[in-house]
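Breakdown of the fold
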Amino acid sequence: MFYTQLFFLCNLHSTLFFLWPLAIGFWTLVYHSSHRLPFINFGGGMEHAELERIFIEHGFENFTWIYASDIEVAQWVRMKCTYGCGSYGKKATCPPNAPSFEECRRFFQDYGTGVLFHFRKKLEDPEKRDIYTRKINSGLLKVERDVFLSDYRKAFLFFMDECQLCEHCPGTLLECRNPRMARPSPESFCVDVFATVKKLGYPIEVLKDYDREMNRYAFLMVE
Ligand code: SF4
């Protein structure tokens, strides 16, 4: 009897040993698939699949649906904009031309869902980052417009990087040369992009030199 029980326990133990990687894999699958949100009808005319067609038509294939509550907002992000960023006071959509931390936090509470767009890029010439950013952000603006025209009136875009639509930015919103197109970066709305995308299973790291590939992100709030 004792040996039978011992045999049973040993077998159980070895079975669990082999099964635990499967259990972790299953959990990872469930976690990530939970971010492929089921269709939620917000009163708009199109389903998620149709909006996804818009993203892909504009050349943005690397995206995922997220809950607005997945977006981490933190006061320290504003401090990094205020101290140590060369764009402070020089971009019409960057701090101090941005809502307060509390207003930013409340803004995201007005939404249930959004879309995270992922961009990977290794720039041959880092000095040309503004040209690359301008191209991506201009394309994203077309997506935002099409989503808005699809009856999602609250569609609101956060650029992949700071607004680079014009070569020379006057530095204040009132003097913005393109106010209909200007949009903030996630960071200027206190979004902790690192914490947010890591939580969603996307790569991001502090780059120590320009030889490394960048992982950059834009957000489109949709409801
Ligand atoms: S649209 Fe032009 S002027 Fe306005 S914030 Fe962007 S770069 Fe500056």
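A brief structural summary. It should be emphasised that the depicted structure is a prediction, and the values quoted were computed from it without experimental measurement.

Within the protein chain one finds six helices and four strands. The secondary structure elements of the protein chain, listed N-terminal to C-terminal, are α-α-β-α-α-β-α-β-α-β. The buried share of the protein chain, taken over its 223 residues, is 26%. Put simply, of all contacts in the protein chain between residues at least 6 apart along the chain, 79% involve residues at least 24 apart.

Let us look at the site of the ligand. Inspection of the region around the ligand gives 13 residues, with Ala92, Cys163, Cys166, Cys169 and Cys176 positioned closest. Among the residues forming the shell around the ligand, the class breakdown is nine nonpolar, two polar and two charged.

All right, on to the sheet that holds strand β1 (residues 63-67) then. An order of β1-β2-β4-β3 is seen for the four strands of this open sheet, with the pairing classed as antiparallel. The open sheet has two edge strands with one neighbour each: β1 and β3 (156-158). Averaged over all adjacent pairs, the angle separating strand axes in this sheet is 25°, with direction ignored. Examined bridge by bridge, strand β2 (residues 113-121) and strand β4 (residues 214-222) share nine bridges and lie antiparallel to one another.

With omega at 10°, the peptide bond leading from Pro95 into Pro96 counts as cis. Within the secondary structure, Pro96 is located in the loop between α3 (75-82) and α4 (101-109). Phi is positive for Asp151, close to 85°, though the residue is something other than glycine. Here Asp151 shows up in the loop between α5 (129-149) and β3. Judged by C-beta crowding, with 12 C-beta atoms within 10 Å, Asp151 ranks as exposed. Backbone geometry at Cys190 places phi at a positive 65°, although glycine is not the residue there.

Right, let's get into the nonpolar core. Membership of the largest hydrophobic core comes to 41 residues, with the highest contact counts inside it found for Phe117, Leu140, Tyr217, Ala218, Leu220 and Val222. If you list the elements that add at least two residues to this core, you get α3, β2, α5, β3, α6 (193-199) and β4. Broken down by element, the residue count for this core peaks at six residues, all from β4. Discounting chain neighbours no more than four positions away, the residues touching Leu140 are Phe117, Leu157, Phe159, Met160 and Ala218.

Take α3 next. Residues of α3 that are buried include every one of Val77, Arg78 and Cys81, and no others. Summarising the axial view, the buried residues of α3 lie within an arc of 100°, below the 170-degree limit, and thus occupy one face. For α3, exposure combined with an orientation more than 90 degrees from the buried face picks out Gln75, Trp76 and Thr82. Residues of α3 that are buried sit in contact with α4. Immediately beyond the C-terminal end of α3, within one or two residues, lies Gly84, with a positive phi of roughly 110°.

Procedures and definitions
- Residues numbered from 1 in each chain as written.
- Predicted model: local features only at pLDDT ≥ 70, side-chain atom pairs only at ≥ 80, totals over all residues.
- Helix = DSSP H or I, 4+ residues; strand = E, 2+ residues; numbered from the N terminus.
- Buried ≥ 20, exposed ≤ 12 C-beta atoms within 10 Å, placed from the backbone.
- Contact = placed C-beta atoms within 7 Å.
- Near = placed C-beta within 6 Å.
- Nonpolar A, V, L, I, M, F, W, Y, C, P; charged D, E, K, R; others polar.
- Pairing = 2+ DSSP bridges.
- Axes fitted to C-alpha atoms, helices over the stretch in contact; angles between N-to-C directions.
- Core = buried A, V, L, I, M, F, W, Y, C linked by C-beta atoms within 7 Å.
- Arc of directions from axis to C-beta.

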